[in-house]
Amino acid sequence: MHIEVAKKTLQKSNQEVFDFLTDIKNFETLMPDNIDKFEVLDEKTFKFALSGMPEIILRLKEEYPHDKVVLGAASDKLPFTLTADINSVSENESEVGLSFEGQFNAMMAMMIKSPITNFMETLSANMGKI
């Protein structure tokens, strides 16, 4: 299952956005209002839960300086990645595109597509807080 949300233009350099996203404690700033829990487990891992949803543990999997940050599920039970592609527009402006890639059976995909899309749209909208 692949989900992409509209790109967000930020008045920050691609380096500033990259530095923000690779410091995982900053993800609390991007979370939706209905967050029940956010806990940093180590410098590359955090756990969060939204109202009515199970806890999700995300780990920083890959970093491509100033261009891309890839977070992935810490568990192999439900393998997925959340990728932020960062494009430099100018010295003080960048564009961030979020995408989700997961391998789920059809029933699971049908159940989680809408909540994940809403979650990613919220993350993208909250990028303005960087």
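Described in the following lines is the structure provided in the data block. Quick caveat, the model's predicted, so the values are computed rather than measured.

A closer look at the pattern of salt bridges
Logical step 1: Scanning the model with the defined rule gives 7 salt bridges in all.
Logical step 2: One salt bridge in this structure joins E63 and K44, with 3.4 Å as the shortest N-O distance. You can see E63 sitting in strand β5 (residues 56-64) and its partner K44 sitting in the loop between β3 (35-42) and β4 (45-50), a full 19 residues away along the chain.
Logical step 3: In this structure E63 comes out as partly exposed when scored by relative accessible area, which is 37%.
Logical step 4: Judged by relative accessible area, which is 34%, K44 ranks as partly exposed.
Logical step 5: For E55, the salt bridge is made with K47, and the minimal N-O distance between the two is 3.8 Å.

Side note on the packing of aromatic side chains
The geometry of an aromatic ring pair is captured by two quantities: the separation of the ring centres and the angle between the planes.
Logical step 1: According to the stated counting rule, one finds 6 aromatic pairs in the structure shown.
Logical step 2: When the centroid spacing of 6.0 Å and the interplanar angle of 35° are considered together, the rings of F46 and F48 count as tilted. With respect to class, F46 is no different from F48; both count as buried.
Logical step 3: Consider the rings of F80 and F100, whose centres lie 5.3 Å apart with planes at 25°: the pair is stacked. Separated by 20 residues along the polypeptide, F80 in strand β7 (residues 80-90) and F100 in strand β8 (residues 93-102) bring together distant segments of the chain.
Logical step 4: We classify F80 as buried; its relative accessible area is 17%.
Logical step 5: Accessibility expressed as a relative area gives 5% for F100, which makes it buried.

As for the pairing of β4
Logical step 1: Most of β4 sits inside the fold, with 6 of its 6 residues counted as buried.
Logical step 2: Of the two faces of β4, the one lined by T45, K47 and A49 and the one lined by F46, F48 and L50 are each fully buried.
Logical step 3: Hairpin geometry of β3 and β4 is characterised by an intervening segment of 2 residues between the two adjacent antiparallel strands.
Logical step 4: Bridge analysis of β4 against β5 gives 4 bridges, and the strand direction is antiparallel. What sits directly across from T45, in β5, is R59.

Considerations on the environment of E28
Logical step 1: Residue placement: E28 occurs in helix α2 (residues 27-30).
Logical step 2: With 10 residues separating them along the chain, E28 and F18 place their C-alpha atoms 16 Å apart.

Some words on the nonpolar core
Logical step 1: Ranked by size, the top nonpolar core spans 36 residues in total, and within it L21, F27, F46 and M120 carry the most contacts.
Logical step 2: Mapped by element, the contributors of at least two residues to this core are α1 (14-22), α2, β4, β5, β6 (68-73), β7, β8 and α3 (106-126).
Logical step 3: The biggest single contributor to this core is α3, with 6 residues.
Logical step 4: Apart from the residues within four sequence positions on either side, F46 is in contact with I24, F27, M31, F38, E39, V40, L41, I56, I57, L58 and L71.

A closer look at the side chain of N126
Logical step 1: Relative to the helices and strands, N126 resides in helix α3.
Logical step 2: Classification of N126 as buried rests on a relative accessible area of 13%.
Logical step 3: Reaching out from N126, the side chain makes a polar contact with the backbone oxygen of L30 at a distance of 2.9 Å.
Logical step 4: Of the polar contacts made by the side chain of N126, one reaches the backbone oxygen of M31; its length is 3.3 Å.
Logical step 5: Sequence-distant contacts of N126, defined by excluding residues within four places in its chain, comprise T29, L30, M31 and P32.

The rules behind these values
Residues numbered from 1 in each chain as written. Predicted model: local features only at pLDDT ≥ 70, side-chain atom pairs only at ≥ 80, totals over all residues. Heavy atoms only, no water. Salt bridge = Lys/Arg side-chain N within 4 Å of Asp/Glu carboxyl O. Helix = DSSP H or I, 4+ residues; strand = E, 2+ residues; numbered from the N terminus. Buried < 20%, exposed > 50% of the residue type's maximum accessible area, 1.4 Å probe, protein only. Phe/Tyr/Trp six-rings, centres within 6.5 Å; stacked < 30°, edge-to-face > 60°. Pairing = 2+ DSSP bridges. Core = buried A, V, L, I, M, F, W, Y, C linked by side-chain atoms within 4.5 Å. Contact = heavy atoms within 4.5 Å. Polar contact = N/O pair within 3.5 Å; in protein donor to acceptor, adjacent residues only side chain to side chain.

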